[in-house]
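Letter by letter, the chains look like this.
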Amino acid sequence: MADITARVLVTSRPLDEYCGLFGLTRARLAALPGPLLDCPGGAAGLAAEARELGCRVIATDPAYAWPAPELAARALAARAAMAAAMDTRPELYPAPRHRPYERYLRSWDRARRLFTADCAAHPQQYVAGALPRLPFADGTFALTLSGYLVFAYPELFGPAQQVAALAELVRVTAADGEVRVHPLHDGASRRCPHLDAVRHALGERRIASEIHTFPRPEDGGTRRVLVLRTADHRRRAALRGGPGF
Ligand SMILES: C[S@@+](CC[C@H](N)C(=O)[O-])C[C@H]1O[C@@H](n2cnc3c(N)ncnc32)[C@H](O)[C@@H]1O
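Notes on the structure follow. (Residues numbered from 1 in each chain as written. Predicted model: local features only at pLDDT ≥ 70, side-chain atom pairs only at ≥ 80, totals over all residues. Heavy atoms only, no water.)

## Here we look at the site of the ligand
Near the ligand there are 22 residues, and of these L9, T11, P40, D61 and L131 occur at the shortest range. In this structure, P40 approaches the ligand through a main-chain N or O atom, which is 2.7 Å from a nitrogen atom. Between the ligand and G147 there is a distance of 3.2 Å, counted from a nitrogen atom to a backbone nitrogen or oxygen. Here the ligand loses 99% of its free accessible area of 590 Å² to cover by the protein chains. Per-class residue counts for the shell around the ligand are 15 nonpolar, 5 polar and 2 charged. (Near = heavy atom within 4 Å. Polar contact = N/O pair within 3.5 Å; in protein donor to acceptor, adjacent residues only side chain to side chain. Areas by Shrake-Rupley, 256 points an atom, 1.4 Å probe, with all protein chains shown as cover. Nonpolar A, V, L, I, M, F, W, Y, C, P; charged D, E, K, R; others polar.)

Here it is in structure tokens:
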């Protein structure tokens, strides 16, 4: 897994960007009946900002096993990589959501600072862990969010790894809760070509999947989010085994 994490950016999105990406609102987060899991948490501001709303977030990421200076350096490097990508591939970062670029990157800077302070003040909310096996009991979370990993890095998560990772996210989520995953495309905006097959394999593990489209108020477009649920506690055992991809 060390090899994998070395190639993945440790990004630092703020709470409002999370809400936009996952079709959520601050009010919905404040009303959650249990804790929220952010997997991967990266260097996001979500846990720190959500606390102000009365929402408890546990963030998990293999990067939380690293010494704090290394984590901070990787988060800064991700910011630099994003700035460089915006310069070289501007078509991937359209207005108005990402522009002006400096304003967008400042929102990451603020989130990164909140993350760093929150990690030091509330280390128990940042748990080292890696998909496809998370260190949480079945059904722990009311809502699980997974941003910019499972479909964003297809060179690291092939179809079988995607199914295993998604099933694990469902396992740790309450039967009446849900998992939301975004994006469903890679870093070059290419849609996952085998999403139907992944959903079929999840179905064989008794995981229901839907693709929700949420409005993107910034530009009038829509955003696709994969929503996963299991309806029955007794079926949880199937999530750990079950047919492969
Ligand atoms: C692009 S960041 C996304 C962070 C955050 N969700 C966001 O949207 O800003 C990807 C994160 O995935 C983490 N990661 C890499 N491999 C992982 C794995 N197997 N399980 C969980 N997280 C992993 C990396 O350490 C990195 O922090």
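## Remarks on the packing of aromatic side chains
Taken as a whole and assessed by the stated rule, the structure comprises 6 aromatic pairs. Between Y64 and Y126, the ring centres sit 5.6 Å apart and the planes meet at 85°, which makes this aromatic pair edge-to-face. Here Y64 is found in the loop between strand 2 (57-60) and helix 5 (68-88), whereas its partner Y126 is found in strand 3 (residues 126-127), with 62 residues between them in sequence. Residues Y64 and Y126 agree in their burial class; the two are buried. Aromatic side chains F136 and F141 sit 5.1 Å apart centroid to centroid with 90° between the ring planes, which places their arrangement in the edge-to-face category. Judged on exposure class, the residue F136 and its partner F141 are both buried. Taken together, the ring pairs in this structure connect Y64, F115 and Y126 into an aromatic cluster. (Phe/Tyr/Trp six-rings, centres within 6.5 Å; stacked < 30°, edge-to-face > 60°. Helix = DSSP H or I, 4+ residues; strand = E, 2+ residues; numbered from the N terminus. Buried < 20%, exposed > 50% of the residue type's maximum accessible area, 1.4 Å probe, protein only.)

## Focus: the packing of helix 7 (residues 159-171) against helix 8 (residues 195-204)
What describes two packed helices is the angle between their axes and the distance between those same axes. Packing of helix 7 against helix 8 leaves a shortest axis separation of 10 Å and a crossing angle of 45°. Here helix 7 lies oblique to helix 8, going by the angle between them. The handedness of the crossing between helix 7 and helix 8 is right-handed. From helix 7, P159, Q162, V163, L166 and A167 reach across to helix 8, where they touch V198, A201 and L202. Across the contact of helix 7 with helix 8, the residue classes break down as 7 nonpolar, 1 polar and no charged. (Axes fitted to C-alpha atoms, helices over the stretch in contact; angles between N-to-C directions. Parallel < 35°, antiparallel > 145°, perpendicular 65-115°, else oblique. Left-handed = near helix turned anticlockwise from the far one by under 90°. Contact = heavy atoms within 4.5 Å.)

## Re the packing of helix 5 against helix 6 (residues 101-121)
Where helix 5 meets helix 6, the closest approach of the two axes is 11 Å, and the angle between their N-to-C directions is 170°. Classed by the angle they form, the pair helix 5 and helix 6 counts as roughly antiparallel. Residues L71, A75, L76, A78, R79, M82, A83 and M86 of helix 5 form the contact with helix 6, whose participating residues are Y101, E102, Y104, L105, W108, D109, R112 and F115. Taken together, the residues that form the contact of helix 5 with helix 6 break down as 12 nonpolar, no polar and 4 charged.

## Digging into the side chain of S12
Within the secondary structure, S12 sits in the loop between helix 1 (2-6) and helix 2 (15-22). Not counting the four nearest positions on each side in its chain, S12 is found in contact with A43, A44, S107, W108, A111 and R112.

## Section: the pattern of salt bridges
Evaluated as defined, the whole model comprises 18 salt bridges. With a closest N to O distance of 2.6 Å, R51 and D118 form a salt bridge. One end of the pair, R51, is in helix 4 (residues 46-51); the other, D118, is in helix 6, with 67 residues separating them in the sequence. Between R180 and E178 there is a salt bridge whose closest N-O contact spans 2.6 Å. Taken as a pair, R180 and E178 share a single burial class, namely buried. What emerges from the salt-bridge pattern is a single network uniting R28, E178, R180, E210 and R229. (Salt bridge = Lys/Arg side-chain N within 4 Å of Asp/Glu carboxyl O.)

## Topic: helix 6
For helix 6, with 21 residues, the first-to-last C-alpha span of 30 Å sits near the 30 Å given by 1.5 Å per residue. Looking at helix 6, one finds that the buried residues are Y101, Y104, L105, W108, D109, A111, R112, F115, D118 and C119. (Expected span 1.5 Å × (residues − 1).)

## Observations concerning the sheet that holds strand 6 (residues 208-216)
Ordered by their spatial adjacency, 7 strands build an open sheet running 3-2-1-4-5-7-6, and the pairing between neighbours is mixed. Of all strands in the sheet, those with a lone pairing partner are strand 3 and strand 6, marking the two edges. Here strand 5 (residues 173-182) runs beside strand 7 (residues 221-229); their pairing, made up of 3 bridges, is antiparallel. From the neighbouring strand, R180 faces strand 7, where its bridge partner is V227. Sheet strands touched by helix 7: strand 4 (141-147), strand 5 and strand 7. Its angle to strand 5, the strand with the most contacts, is close to 140°. Here helix 8 sits on the sheet and contacts strand 6 and strand 7; the angle it forms with strand 6, its principal contact strand, is near 135°. (Pairing = 2+ DSSP bridges.)

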